[in-house]
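Observations on chain architecture
Spelled out from the first residue to the last, the chains are:
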Amino acid sequence: MPVAAAPIISSVQKLVLYETRARYFLVGSNHAETKYRVLKIDRTEPKDLVIIDDRHVYTQQEVRELLGRLDLGNRTKMGQKGSSGLFRAVSAFGVVGFVRFLEGYYIVLITKRRKMADIGGHAIYKIEDTNMIYIPNDSVRVTHPDEARYLRIFQNVDLSSNFYFSYSYDLSHSLQYNLTVLRMPLEMLKSETSQTRQESFDIFEDEGLITQGGSELLIYGRPVYVTLIARRSSKFAGTRFLKRGANCEGDVANEVETEQILCDASVMSFTAGSYSSYVQVRGSVPLYWSQDISTMMPKPPITLDQADPFAHVAALHFDQMLQRFGSPIIILNLVKEREKRKHERILSEELVAAVTYLNQFLPPEHTIVYIPWDMAKYTKSKLCNVLDRLNVIAESVVKKTGFFVNRPDSYCSILRPDEKWNELGGCVIPTGRLQTGILRTNCVDCLDRTNTAQFMVGKCALAYQLYSLGLIDKPNLQFDTDAVRLFEELYEDHGDTLSLQYGGSQLVHRVKTYRKIAPWTQHSKDIMQTLSRYYSNAFSDADRQDSINLFLGVFHPTEGKPHLWELPTDFYLHHKNTMRLLPTRRRYFFFLVYNAVSLLVICAANLKKLIVKKFHKYEEEIDIHNEFFRPYELSSFDDTFCLAMTSSARDFMPKTVGIDPSPFTVRKPDETGKSVLGNKSNREEAVLQRKTAASAPPPPSEEAVSSSSEDDSGTDREEEGSVSQRSTPVKMTDTGDSAKVTENVVQPMKEVYGINLSDGLSEEDFAIYSRFVQLGQSQHKQDRSSQQLCSRCSDGVIKLTPISAFSQDNIYEVQPPRVDRKSTEIFQAHIQASQGIMQPLGKEDTSMYREYIRNRYL
């Protein structure tokens, strides 16, 4: 069996920046503070960045001696006391990078972090605060009048909001990619020997990478973590009306890859634990189109900027997707198709034509699947349930793409076969399943409608993920359960973050809006979000776009050229080929769609970047146990379990005695721990609603979907959908009526246990119970006479052979194992120490203690 790779866990996690007049010294160490690295940054160069790495691993004592010599050598006068030549500038947890505008370079350091999630023992941190430090010394600094303005534009991108990193887990790739790399034989990867390896400093360069943390799903005491990760593309990035469609290289606006990870938290190892993931994508329609915001209209008209009869830009975009995710590529188009005045329908017609044209060049088994569905029209119709239709689409999509799981199918799926499970697509391998293909969802803005559609697809995939791990008996989840409410809250936070970044406001329409159970107060909040989005698009998006272009390196400040704020447009920054002659056009889908499974794992370009460093299996660089539990330091439970996760048992499960604690039980609105009708503005409001159980008035009879919102607002006023279908208003109990409150405390026995215990057992159940009793009796310790009698009366009973290491055991007693003499002496010494009787230390213990004190404090 080939040896698998393991990620480097113990890397540089603590940084201290020391300052002298001529240099900065960046001293980094691992978390155990056993290995140190020193990075020297020259401060005498006014515009160049000079970094010296000596590639030496220091011990703690060596670093202290080095810093002492630097302090002594940089004092003003030799031998002078009281003045220091080495100053401690700042402590940090990572390096974001180095940046330069018109003067010298800055270094950006992460000064505060917070643990947000845990994936297989790998901690995921959120950047809480950063610090930009100017590197050149004041004596050599060449000032520029526009430097301060560039610095202010750069700092408009708030790194403390929704930027995440990890020291050991690759957040830029999916779980399927990462675990596939770990299981590859080492012979297939580029390796370097232990003599030439270098522990480098971590520089986090994943701009736009966001994640929404995780939540804990408690299934009868068994913790299951649900983590939602979003990866925003740094190409063709920008704000709502300023970045539409695609650029000349096939990169689309507002492209976000969403991954939901499900793991059994009782086992944190990637090799021994159970992990599953599902990936889907959202992005703008891959065409040359835009909207002119100079007219100051809430909904500017859609215009096609360039004629593309051969779908060149769409071919480039789908080429990228096929190489990243394999086939099939499934497009779920949610834009409107029936309008009195053509607006969104322009995009639908062009996209259909592009997909139809490109499918000519693909094999039949790898063609692009196109699913058009006018979600806004169905929302207004009283004859359709939007989420039911989305659920049908989600089932067909998940069956085609499958999902990833790192373990073979559980035995329970063989004992209780399900026809939906047998129809599941993807690729089945000996070690589990792989997801092949991807769902690409889009509307006009890829915000409100897209987020609801992705939630429904994620809910369907979550059911299959739970079933694959043996946590539910059927791959189906119903609304109004604790698990779905928890998952819905994750997706709403996820959608709010993406909407704030791209549209300037939170989501206007949520899942409750499309379920038509939103409270009447939600209508006014939707209007406020619409106004906030309009104000942001009209007045602040231009400044935000300049900040994004500068932060991502799309624009490089250069002396003698126009400044960023002097450019009339950034079109030429994002469309590179407009400044040169067009190259020879290649044929469509030039890689001819290789085997879908081979595209999933590792492409040749990424395989060359992977380097395997050879370690001993007990070295701390790959010891995940010591890195996670940290036995070398004194830790408290508050620090170890600091993840502020949403828990299904704490935040959603009813607090009434006698309620089924399963998170898959359908709850009534007055039973849930968090009110289903309340708006989740903050945690305090949710806690207040849970404590007071205040009743909300029934929703009004008007249409629940606001006609003035973002991309669901319609120019068509069709008469067929004037009345919306609404579920029956829920009446919650009054807090003053004690009789109604205690109504649900005492429940029927059949509702609690599933059967009436007073009813007689059937013959089949009685036979099963009798056989169970006989199996238990066969394990009892009995004398010979009773054993002979039992053997006569219970012919055919299965004989259970003990597999324990004990020589004699049963369900009542065990024979304890023998303890050797050395273990007994250690235990007795421990007991005596607790009573104040200390054993004299030997020479070896004394020398070990002295060595520890010398390395730690001297």
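Described in the following lines is the structure provided in the data block.

The secondary structure content of the protein chain amounts to 26 helices and 24 strands. The buried share among the 858 residues of the protein chain stands at 45%. Within the structure as shown, the protein chain displays about 45000 Å² of accessible surface, and the carbon and sulfur contribution to it stands at 55%.

Before going further, it helps to examine the side chain of Glu339. Within the fold, Glu339 resides in the loop between strand S17 (329-333) and helix H5 (345-358). In this structure the side chain of Glu339 is engaged in a polar contact, spanning 3.0 Å, whose partner is the backbone nitrogen of His343. A polar side-chain atom of Glu339 sits 3.1 Å from the main-chain amide nitrogen of Arg345.

So, about the sheet that holds strand S7 (residues 105-119). Read from one edge to the other, the open sheet built from four strands follows the order S6-S7-S8-S9, with strand pairing classed as antiparallel. With partners counted over all chains shown, the strands left at the sheet margins are strand S6 (94-100) and strand S9 (164-165), one partner each. Here S6 pairs with S7 via six bridges, running antiparallel. Bridging across to S7, Val99 finds its partner in Tyr106.

Right, let's get into the nonpolar core. One finds Tyr278, Leu390, Val398, Phe455 and Leu466 to be the most contacted residues of the largest nonpolar core, which totals 49 residues. Taken together, the elements giving at least two residues each to this core come down to strand S11 (209-219), strand S12 (222-232), S17, helix H7 (386-401), helix H10 (448-468), helix H11 (482-502) and helix H12 (511-515). A total of eleven residues in this core trace back to one element, the largest contributor, which is H10.

Another aspect to go through is the environment of His625. As for its placement among the helices and strands, His625 is situated in helix H17 (residues 624-629). In the structure, His625 is positioned 356 residues away from Ser269 in sequence and 9.1 Å away in space, judged by C-alpha atoms.

On to the packing of aromatic side chains, then. Within this structure, the stated rule accounts for 24 aromatic pairs. Consider the rings of Phe455 and Tyr491, whose centres lie 6.0 Å apart with planes at 70 degrees: the pair is edge-to-face. Remark: Tyr491 occurs in helix H11 and Phe455 occurs in helix H10; sequence separation between them is 36 residues. The class of Phe455 is buried, set by a relative accessible area of 0%. In this structure Tyr491 comes out as buried when scored by relative accessible area, which is 1%. Each member of the aromatic cluster is reached from another via a ring pair, and the members are Phe101, Tyr106, Tyr134, Tyr150, Phe154, Phe163, Phe551, Phe555 and Trp565. Just above the ring of Tyr24 sits the side chain of Arg43; from NZ or CZ to the centre is 4.4 Å. Sitting over the ring of Phe479, Lys459 keeps its end group 5.0 Å from the ring centre.

Glancing now at a nonpolar patch on the surface. Together, Tyr411, Ile414 and Leu415 line one region of the surface with nonpolar side chains, adding up to about 370 Å² of accessible area. Tracing the chain through its elements places Ile414 in helix H8 (residues 411-415). The exposure class assigned to Ile414 is exposed, which follows from its relative accessible area of 58%.

Time to look at the sheet that holds strand S3 (residues 36-42). If you walk across this open sheet you meet the five strands as S4-S3-S2-S1-S5, and the pairing is antiparallel. For this open sheet the edge positions go to strand S4 (51-53) and strand S5 (87-92), each flanked by a neighbour on one side alone. When the angles between neighbouring strand axes are averaged without regard to direction, this sheet yields 20 degrees. Where strand S2 (residues 23-29) lies against S3, seven bridges are found, and the strand directions are antiparallel. Bridging from a neighbouring strand, Arg23 pairs with Asp42 of S3.

This next bit is on the pairing of S2. Of all seven residues in S2, six are buried, a share of seventy percent or more. As defined by bridge partners, strand S1 (residues 14-19) adjoins S2 across six bridges and the pair is classed as antiparallel. When the sheet's bridge partners are listed, Leu17 is paired in S2 with Leu26. Linkage of S1 to S2, two consecutive antiparallel strands, is achieved through a turn of three residues. Between S2 and S3, which pair antiparallel and follow one another directly, the connecting turn spans six residues, one of which, Glu33, has a positive phi of 55 degrees.

Let us look at the packing of H7 against H10. Look at H7 against H10: their axes get within 9 Å of each other, and the N-to-C directions meet at 55 degrees. It follows that H7 is oblique to H10 by the angle criterion. Regarding H7 and H10, the two cross each other, and that crossing is right-handed. Residue-level contacts link Leu387, Leu390, Asn391, Ala394, Glu395, Val398 and Lys399 of H7 to Thr452, Ala453, Met456, Val457, Lys459, Cys460, Ala461 and Tyr464 of H10. Residue classes in the contact of H7 with H10 are distributed as ten nonpolar, two polar and three charged.

Thresholds applied
Residues numbered from 1 in each chain as written. Predicted model: local features only at pLDDT ≥ 70, side-chain atom pairs only at ≥ 80, totals over all residues. Heavy atoms only, no water. Helix = DSSP H or I, 4+ residues; strand = E, 2+ residues; numbered from the N terminus. Buried < 20%, exposed > 50% of the residue type's maximum accessible area, 1.4 Å probe, protein only. Areas by Shrake-Rupley, 256 points an atom, 1.4 Å probe, with all protein chains shown as cover. Polar contact = N/O pair within 3.5 Å; in protein donor to acceptor, adjacent residues only side chain to side chain. Pairing = 2+ DSSP bridges. Core = buried A, V, L, I, M, F, W, Y, C linked by side-chain atoms within 4.5 Å. Phe/Tyr/Trp six-rings, centres within 6.5 Å; stacked < 30°, edge-to-face > 60°. Lys NZ or Arg CZ within 6 Å of the ring centre and 35° of its normal. Patch = residues over 30% accessible without salt bridge, like charges linked within 9 Å, V, L, I, M, F, W, Y side chains within 5 Å. Salt bridge = Lys/Arg side-chain N within 4 Å of Asp/Glu carboxyl O. Axes fitted to C-alpha atoms, helices over the stretch in contact; angles between N-to-C directions. Parallel < 35°, antiparallel > 145°, perpendicular 65-115°, else oblique. Left-handed = near helix turned anticlockwise from the far one by under 90°. Contact = heavy atoms within 4.5 Å. Nonpolar A, V, L, I, M, F, W, Y, C, P; charged D, E, K, R; others polar.

Interpretation in functional terms is not warranted from these geometric data alone.
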